[in-house]
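What follows is the residue order along each chain.
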Amino acid sequence: EKSWEERQAAVERVPPADVMAWGPKGQLPINARQKAIEDALKDIQTAKRKLNDRIKKEIRARDEVAILNVDAKARRLKIESSPRGGSRSDMERLRQMELEIDDAGRALRRARTRVDLARDELEELEERHYAVLSFYNPDQASMLISEALNEFSQQVTPTSTAAQSTSSPGPGDQNEL
C-alpha cells in the first residue's frame, strides 16, 4: 500500500490532458494523457497475455509429470507382478522413465518460477500505471468514441440527405403517396 505522498507524486507525473502527444514521426492526433493511458493498457494487456501463456505451459508441464508418474507406476506394477522381478529391459525402461520424471519435474519447477515472475511483472506494471489509469474512465472513452462516430456520420449524411430530399417526398407532400 502506497502512502499518500507516493500516490500524490505518481499523480503529478501523469501527463496533462490539454497537451498533444508526440511520437517519433511528430505530433499524434491524441493528447499526452490519452497516449499514456493507451500505452499503460497495452503494457498491462501484454503482461496478462504473457502470464496466461506461461500458466498454460505450467499446466502442460504438470500434466506431463502426472502422465509420466502413472506410466512409471504401471511399469513398477508390471515388474512386481512378474515371477522373476521383471526383465532387464523392463527395469531399464523404468529407470529411463524415472529420469524423464525428474526432467519433467525440473521443467515444471521452471514453469512455476516463470509464472511467478510473470505475475510479479504484471503486478508491478499495474502498480506503476496506477496513477495514469486512475484517469481512465471506460464510460467516458466510450462516450468520446460515440461522439466521434456521430460527428463522422453528420459529415457524411448531409450529402446523402440532400440527394434524398430531391427524390423523396417531404412531410408536406403526403397527398402524392
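In what follows, the structure referred to is the one given above.
Below: a short report on this structure.

What counts and how
Residues numbered from 1 in each chain as written. Predicted model: local features only at pLDDT ≥ 70, side-chain atom pairs only at ≥ 80, totals over all residues. Heavy atoms only, no water. Helix = DSSP H or I, 4+ residues; strand = E, 2+ residues; numbered from the N terminus. Buried < 20%, exposed > 50% of the residue type's maximum accessible area, 1.4 Å probe, protein only. Contact = heavy atoms within 4.5 Å. Pairing = 2+ DSSP bridges. Core = buried A, V, L, I, M, F, W, Y, C linked by side-chain atoms within 4.5 Å. Expected span 1.5 Å × (residues − 1). Patch = residues over 30% accessible without salt bridge, like charges linked within 9 Å, V, L, I, M, F, W, Y side chains within 5 Å. Areas by Shrake-Rupley, 256 points an atom, 1.4 Å probe, with all protein chains shown as cover. Salt bridge = Lys/Arg side-chain N within 4 Å of Asp/Glu carboxyl O. Lys, Arg positive; Asp, Glu negative; His and termini not counted. Charge placed at Lys NZ, Arg CZ, Asp CG, Glu CD. Axes fitted to C-alpha atoms, helices over the stretch in contact; angles between N-to-C directions. Parallel < 35°, antiparallel > 145°, perpendicular 65-115°, else oblique. Left-handed = near helix turned anticlockwise from the far one by under 90°. Nonpolar A, V, L, I, M, F, W, Y, C, P; charged D, E, K, R; others polar.

In this section: the overall build of the chain. For the chain, the helix and strand inventory stands at five helices and two strands. When the helices and strands of the chain are read in sequence order from the N terminus, they spell out α-β-β-α-α-α-α. When burial is assessed residue by residue, the chain has 19% of its 177 residues classed as buried. Long-range contacts, defined as pairs at least 24 residues apart, comprise 59% of the intrachain contacts of the chain with a sequence gap of at least 6.

Here three bridges tie strand β1 (residues 20–23) to strand β2 (residues 26–31), and the two strands are oriented antiparallel to one another. Across the sheet, Gly23 pairs through a bridge with Gly26, a residue of β2. Here β1 hands over to β2 after two residues, the two strands then running antiparallel side by side.

Looking now at the side chain of Asp90. Positionally, Asp90 belongs in helix α3 (residues 88–128). A relative accessible area of 13% places Asp90 in the buried class. In contact with Asp90, other than residues within four places in its own chain, are Arg75, Lys78 and Ile79.

Now for the nonpolar core. Residues Ala61, Val65, Leu68, Ala72, Ile79, Leu94, Met97, Ile101, Ala104, Leu108 and Ala111 constitute the largest nonpolar core, which totals eleven residues. For this core, the secondary structure elements donating two or more residues are α2 (32–81) and α3. Considering every element that reaches this core, the biggest residue donor is α3, with six residues. Residue contacts for Ile101: discarding those within four places in its chain leaves Leu68, Asn69 and Ala72.

Let us now look at α3. The α-helix advances 3.6 residues per turn, and as a result positions three or four apart in sequence lie on the same side. Between its first and last C-alpha, α3 extends 60 Å over 41 residues, near the 60 Å set by a 1.5 Å rise per residue. Listed as buried for α3 are Asp90, Leu94, Met97, Ile101, Ala104, Gly105, Leu108, Ala111, Val115, Ala118, Leu122 and Leu125. Considering only its buried residues, α3 is in contact with α2.

Where like charges cluster on the molecular surface, the negative patch consists of Glu5, Glu6, Asp120, Glu123, Glu126 and Glu127. Its place among the elements puts Glu126 in helix α3.

Further remarks concern the environment of Ala61. By the secondary structure assignment, Ala61 is in helix α2. According to the relative accessible area criterion, Ala61 is buried, its value standing at 11%. In this structure the C-alpha to C-alpha distance between Ala61 and Ala104, which are 43 residues apart in sequence, comes to 6.7 Å. With residues up to four places along the chain from it excluded, the contact list for Ala61 reads Leu108 and Ala111.

Where like charges cluster on the molecular surface, the positive patch consists of Lys56, Lys57, Arg60, Arg109, Arg110 and Arg114. Breaking the positive patch down by element, the ones donating at least two residues are α2 and α3. By the element assignment, Arg109 lies in helix α3.

The next subject is the packing of α2 against α3. For the pair α2 and α3, interaxial distance at closest approach is 8 Å and the crossing angle is 160 degrees. Taken together, the axis directions place α2 and α3 in an arrangement best described as roughly antiparallel. The handedness of the crossing between α2 and α3 comes out as left-handed. Residues that form the contact of α2 with α3 fall into these classes: 20 nonpolar, two polar and 21 charged.

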